[in-house]
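Chains, contacts and geometry: an overview
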Amino acid sequence: MSGTPDSLVVDQVTRDYPTAGEPLRVLRGVSLRMTPGDRVAVVGPSGSGKSTLLNILGTLDRPTTGSVRLGATDPFALGARELAAFRASRIGFVFQEHHLLGQCTALENVLLAPLARGRVDDAARNRAAALLERVGLTDRAGHLPSELSGGERQRVAIVRALMNEPSLLLADEPTGNLDAQSGRRVGDLFLELARESGAILVVVTHSAALAEQVGRSLRLEGGVLTDGTQ
Amino acid sequence: MTSLGLILRNLWHFRRQNLAIAAGMAVATAALAGALMVGDSVRVSLRDLAIRRLGPVDHAMSTAAPFDADLGERLAADPAFAAHFKRCIAGLSVRGGASNRKSGAQAAQTAGVSILALDGWMDVAPGRCVINRTLAEDLNVAVGDPIDLTVPMLSDLPLDSLMARRQRQNRAAVLRVTVGTIADGDGWEATFSLQSSQRAERLAWVNAGDLRAKVVRRPRGRATSQPAVARVCNLLLVQARADSAGKEGAVTLNEALGRAMNLGDLGLEIAPVEPGTAALTSRRTYLGPGIEQAARDAAEAAGVQPQLVSVYLANAVNRAAADGRPAASIHYAVVAGLSEPPGGAVGPDEIVLNEWAAGADRLNARVGDTVRLSYYRRGPGGELVEQSSADAPSTSAGQGFRVARIVPMAGLGADRKLTPSFEGMTDAATIGQWDPPAGMHIDRKLADEAYWDRYGPAPQVFVNVRTAERLWGDVFGDLTSVRVPAASAEAFAAELRRRVTPMMGGMFFRPVKAQNVAAADGPTDFGQIFIGMSFYLIAAAGLLVALLFGLGIEQRSRQIGLLGALGFGRGRVRRLALAEAAALAVVGASVGLAGAAGYSWLVMAGLRTWWVAAVGTTQLHLAVTPATVATGWAAGVAVALLAVSGAVWRLGRAEAAALLAGAWGVPTMARRRGGRVGRVAGVLMAAGTVGLFVAPMAGGLSPQAGFLSGGGLLLAAALVLLATRWRAGRGSRKVGAAVVSLGLANASRNPGRSVLAVGLLALAAFSLVTVAAFREGEVSDTSRKTSGAGGFTAILQADIPLAGDLNTADGRLALGLDANDPIWSDATYVGMRLAPGQDISCLNLTRPTHPAILGVPEAMILRGGFAFARNIDTQQENRWLLLTDASADDAIPVIADDDTATYLLKLAPGDTMSVADAGGHAHTLRLVATLKGSIFQGQLLMADARFRSLFPADAGDGVVLIEPKAGVTPAGMAELRRRLSASLADFAVRVEPTADRLARYQEVANTYLATFQLLGALGLLLGTAGLAVVLVRSLIERRSELALLAAMGFAPGRRLLLVVAENAWLLLLGVLLGTVTAGLGVAPTVATGAHPLNFAALAASLGGVLLVGLLALVVAARLAARHYTPADLRRE
């Protein structure tokens, strides 16, 4: 199933955090425009707001001012239930910590994504199997995360993020916890799958190698995104 | 993969934690369901006891006056009887005393013995008796031992009537028997009682002939209408068929009784008295109010004009001279009040004399002369007091009667048959042989022997019958006979038979088994009591579940954040968590049911043993019903879900990003909003506290209730404000130079958990302080007039009421005492009539349906004393006077003990209840005041005048209050009690210090409180053990943090101090909060001095709480002090 072409438009987004004194402004008027298939790596020093930006793009956090639209939808105008549904169907997340449920097998972790949308049907199971095969984990599908290597866990996380054919794929240091060799392999696989999916890809990374693999980079420093308009 | 699959996977994966949560839920269920099972068990046990005690008896009729056993046979022969009932047995039932015949230290006597004779159902050989184990132990006797049973003598004549024989030898007799069998076990032979109470009766079954021979008095000169001794009984017991055991069956039975009854059963007889005249008379001398009216109506229906007759004995009939002084007198003349005196009707202030009385050598009276009468009346204490017609209220004869006419010595003018039989007088051949009742002084020199010789007791003086009723009418009747023409006697008899009912003779059946079974559903649900007592245990379990569940959520916060990031909506996440919790609740509650059975078994065992003082019986057993099991299970599930609801709700509010980062809790902005809500709620609750503290001043609440509930609300407010402060992060103090300050700051890092821990401990301290404050202390000085004993230091209870005033020489003589013994003058005595009924004190677990009632004499009302708790609106300082106030709706005012009114009767001043009088008629009683901690817990108090109208047959003093005179020592009072007990043994008396009675009541209250304390202690143990588990687990979570401190160079001792400071602060805060708020709550209770606080014991208890808490900390501290490895750092 392929979705309608969805553009990502981020317009003058700011994010403040309240403190005892003046609010701490983490993002300062960030703007970004991407179309399906676009890929960008967001780089910058620690504390520059990269994860905050990713959380806002993934609707896990709200901007203080500014707007975000994915296609025709302003997700922050949706109610809680609609937002959850939006997230389940339009956004895929890959975390540095992979965040697999330790009590579920690799396959079950992958099937969490369609479960979030409603129910798991045969089509979902077939897609999960195909994706796991794609990443070389067919024979590990029935294993718990504790029985997988770091790279294998991250591959499961990547498959999970792609299960619902998201319009927007977000990755927060996807290879951050892997050694260089595993990181490269996972990074290659991730980018390949992302390209095949046609989703908009935003990767936050410290890895110069990964950023280079992604191609286009934007720098976020002091809350300001440079080279942010395409 | 399905939601159910995810839930099941989670349940198994986190099974260790879930096991702990389910265990907490199991404990809560065990306590809740167990308490409900206790309630069921007590209810079922009391019901079983009620059924067992009555054996085959379903309905019972018990009368004050005896009747012929033939009535039972006629009843059984009624056509309706066989269809609904199986058998009817007639018998005798009296209440008396017993003593063994041993001497010295072996001697024993007891009172309150139920003595029964039921030939046909319980056959006992002559000279033998069957007693139950309770009586055997009281008397220290075995089979073959002789015992004496003191029994009352039954009399037809009301004890308060002029001619009643009130002397000791006419009141009680001793039946000597040998113990043939001791009935053990719980069958009806050992436990029979018509009263609803769980307390063991002292029971003696005797041979019917033996008992009749003692209790039946055959007064001299009595009519032959009396039943033969061998037929006398006062009890009918009926066994019903299945469908007739209840109220409807009693109605059917009473209808059959009405058909079976004849006039003789009511002591009535219609017989010729003079040629052409028949008279309705009663062997009870007086016809009685109901029968008098029925006779009037019957005469009217038969078309006859009845001659109503009221006969009395005058001490003197005086003709007044012109100056009002007596000019001439005759003595001991019979006066007859007639509706048609000889010669025709007379006015209310007119009198008729026969020729003899008016004769020259007697009154020398002429028509128009003024005549006054003087005669004896019974005073409030039963003493004979001479009164004059000039002093009689409501007569127009204040100046004397005017002689209307003088009639010849013929017809009514000399009719000895107008006068009923008066034992000792009408049966005497001469006045010289008169044997008048005690207190009636006859100067035989003044008596007219010649008249007696010739005319016997024929009346010499006649007044209007209405005048007679006003002069000497009484509650037990005004008329001594009703005369009708002989030709109309049959018609009159038939009309009368149609109008009289068994209830006029106090004859009516009660569905005693159904009533007692219904009363077994006592006024207070034991299930609710034990839920209340187990409250802390349930709360501790619930809080522990909340703690553990919250901890589990915290541990899984990243997973929960992931679900949110994947698109699981908040509601769905909540439902998943709730479903997991529900699964745990189902398992926990199911396991808890097994614990509930064990808990309730343990409680029932405790009620039979350690706490037997509270329940007074060892007959309680475990009884579990399916409905209770289901309710307990459901309640356990509900409590469990309630416990986790907070965490589940917060779960839905948490932001996915924060959860993914491992930060459990709401975002700061929401915290601030929540903080405002929390502050407002806290302030409102604090304001509510002030309101509750102030409410008693406005009379809305008692000070105790206001302050206690205020204290509880203040505690809740403090916890809410604490939670709000900590959530807002303002509880964190600046981390200063000392590691202790870091520990104190850490105490608020997890506000939810910390508040729960503080709340758990505060509840423990709160309950400890309140229980300690409400424990009854030593009984206060009973010699104080304002004490619960009103200044009376001893109380005498007599099963055979005393017909003599202990304050007077005549009274003592009547009681068979040496009137001149100075010891009797060491005290003042206040006698009170007693209408037997249920003990409505805390010693009786059954519902009060027919309470015992005491008649309060006017002297005691005026005396005042005791301490009042509550009363209806009044300006009177002496609230006893409320008993004599008239009410618009004819409700009779009564006073009750405050605890009785609150917990058993469920009445407040102003409320009403219904009781039946001796004739079974319902009357409304209004509670006008309550007494604080009084000796009258077991009875209602009613003014004596009203008491007599409801219970005319309950004459004599059933209770005597004893007040020592000034200078009498406690040793002197002890000797007085001993002498009273020994000298009045024939009246089956119990004499005890009022302090002992108060202590018995207090023991019940203290037993319940001790049970509450024990259950609270269990809850405290659970709470602190759980706290320890939570502390240990939270430290395990923070191992990396502690490892970091170790890596940074914090020595083990300093890390120990950090952990101790953090948790000791929570411990201290909890205990302080609970103690201070409880202290405020119980301040008025302690201030009254009624409940002196044992500060040492309380301090020890609170110290125990701190000690247990500190022990938990030590375990945690040891964990903190161990060596950490770099691996622990990587866990961050």
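Further up the page is the structure itself.
Cut-offs applied
Counting restarts for each chain: residues are numbered from 1 in the order of the written sequence. Note on labels: chains are lettered from A, ligands numbered from 1, in written order. With pLDDT at 70 or above as the cut-off, local features in this predicted model cover only qualifying residues; side-chain atom pairs require 80 or more to be listed or tallied, and sums for whole chains, interfaces and linings still use all residues. Side-chain calculation: all heavy atoms of the structure are included, whereas hydrogens and water are not. The term salt bridge refers to a pairing of a side-chain nitrogen on Lys or Arg with a carboxyl oxygen on Asp or Glu at a separation within 4 Å. We count a stretch as a helix when DSSP gives it H or I for four or more residues in a row; a strand needs E for two or more, and each element gets its number in order from the N terminus. Each residue's exposure class comes from its accessible area (1.4 Å probe, protein chains only) as a fraction of the maximum for that residue type: buried when under 20%, exposed when over 50%, partly exposed otherwise. Contacts are assigned to residue pairs with any non-hydrogen atoms lying within 4.5 Å of each other. Here the quantity called buried area is the accessible surface, traced with a 1.4 Å probe, that two parts lose on coming together, added over both. For this classification, Asp, Glu, Lys and Arg are treated as charged, while Ala, Val, Leu, Ile, Met, Phe, Trp, Tyr, Cys and Pro are nonpolar and the rest, including Gly, are polar.

Take the pattern of salt bridges next. Residue and element names in this part refer to chain B. Following the criterion strictly, the structure yields 53 salt bridges over all chains and no others. Residue glutamate 580 is joined to arginine 556 by a salt bridge in which the shortest nitrogen-to-oxygen separation is 2.8 Å. A residue pair is termed long-range when its members are at least 10 positions apart, and glutamate 580 in helix 18 (residues 570-608) and arginine 556 in the loop between helix 16 (535-555) and helix 17 (557-566) qualify at 24 residues. Comparing glutamate 580 with arginine 556 shows no difference in burial state: the two are buried. Among the charged side chains, a salt-bridge network with shared partners connects Asp160, Arg166, Arg377, Asp474, Arg833, Asp944 and Arg948.

All names here are of chain B. Within the secondary structure, alanine 687 is located in helix 22 (residues 668-694). A relative accessible area of 46% places alanine 687 in the partly exposed class. Distance from alanine 687 to serine 600, taken between C-alpha atoms, is 40 Å for residues 87 residues apart in sequence.

Turning to unusual backbone geometry, a few remarks are in order. Its identity is not glycine, yet glutamine 12 of chain A carries a phi of approximately 50 degrees, on the positive side. Topologically, glutamine 12 of chain A is positioned in strand 1 (residues 8-17). A relative accessible area of 45% places glutamine 12 of chain A in the partly exposed class. The phi dihedral of phenylalanine 866 of chain B is positive, around 70 degrees, even though this residue is not glycine.

Quick look at the interface of chain A and chain B now. Taken together, the contact between chain A and chain B spans 26 residues of the former and 26 residues of the latter. A combined buried area of about 2200 Å² lies between chain A and chain B, and 64% of that area is made up of carbon and sulfur atoms. On the chain A side of the interface with chain B, the three residues burying the most area are His99, Gln103 and Leu115 of chain A, jointly 27% of the side's total. Where chain A touches chain B, the interface holds 1 salt bridge. Between arginine 9 of chain B and glutamate 108 of chain A there is a salt bridge whose closest N-O contact spans 2.5 Å. Looking at the side of chain A that touches chain B, the elements with two or more residues in it are helix 2 (80-90) and helix 3 (106-117) of chain A. With 6 residues, helix 3 of chain A is the single largest residue contributor to the side of chain A that touches chain B. In terms of residue class, the side of chain A that touches chain B is built from 14 nonpolar, 7 polar and 5 charged.

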